[in-house]
Each structure stands twice: as C-alpha cells, then as structure tokens.
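# Analysis of the macromolecular model
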Amino acid sequence: MPRGRSTFNKRQKEQARQQKQREKTERRTQRSQEKPEGSEVAVDEMDEMRRHAEEQAALFHIGSEEPS
C-alpha cells in the first residue's frame, strides 16, 4: 500500500527530532563528565582567595583578640 507524501514528511520530521534528542543527551553526558574538572578548578580558586583574605586580615590585625 503506497504511503502519502504527508506520511513521509511526518516520518522524516520525527526521525530528525529523535536524532536531535540523542545528540542533546550525548552533549549533556559529555558536559557532566567534564564538570568535576571544572568544579575542582573553582575549589582551588576559592582556597586561594580564602588564603589571600586571611593574609590580608593578618596584615591589618583583623580579628585579633588584643585590646587596642
């Protein structure tokens, strides 16, 4: 039984949609695998900023218990 043109177009459109969905899922998976590396960099930067803030606080004697 021959199929009409609209059936063919619908099938092509659905196949394209499914392919896009697969590609999107694949990209999401790749990003989630790369994410821990990026978060480690952010943690290192935060540690460095915290250490720098502590050094600055020590220079200005902020938070010291000595009476002025």
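Thresholds applied
- Every chain is numbered independently, its residues counted from 1 as its sequence is written.
- It should be noted that, the model being predicted, local features are given only for residues of pLDDT at least 70 and side-chain atom pairs only at 80 or more, the latter also being counted only at that level, while totals for whole chains, interfaces and linings use all residues.
- With hydrogens and water excluded, all non-hydrogen atoms of the structure serve as input to the side-chain values.
- The secondary structure listing takes helices from DSSP runs of H or I that are at least 4 residues long and strands from runs of E that are at least 2 residues long, numbered from the N terminus.
- When a residue's accessible area, from a 1.4 Å probe over protein chains only, is under 20% of the maximum for its type it is buried; when over 50% it is exposed; and in between it is partly exposed.
- The Shrake-Rupley method, run with a 1.4 Å probe sphere, supplies the accessible areas, and residue values consider only the shown protein chains as cover.
- For this analysis, a salt bridge means a side-chain nitrogen from Lys or Arg found within 4 Å of a carboxyl oxygen belonging to Asp or Glu.

What follows deals with the overall build of the protein chain. Helix and strand counts for the protein chain stand at one helix and zero strands. With 68 residues in all, the protein chain has 0% of them scored as buried. For the protein chain, the exposed surface amounts to about 7000 Å²; the carbon and sulfur share of it is 52%.

Let's shift gears to the pattern of salt bridges. The full count for this structure, using the stated rule, is two salt bridges. Among the ionic pairs, Glu14 bridges to Arg17, the shortest N-O distance being 2.6 Å. Highlighted residues: Glu14 and Arg17, both in helix 1 (residues 5-59), separated by three residues, approximately one helical turn. Salt-bridge contacts for Asp47 lead to Arg50; the nearest nitrogen and oxygen are separated by 3.2 Å. On the criterion of helical spacing, the pair formed by Asp47 and Arg50 is a turn pair, its members being three residues apart in helix 1.

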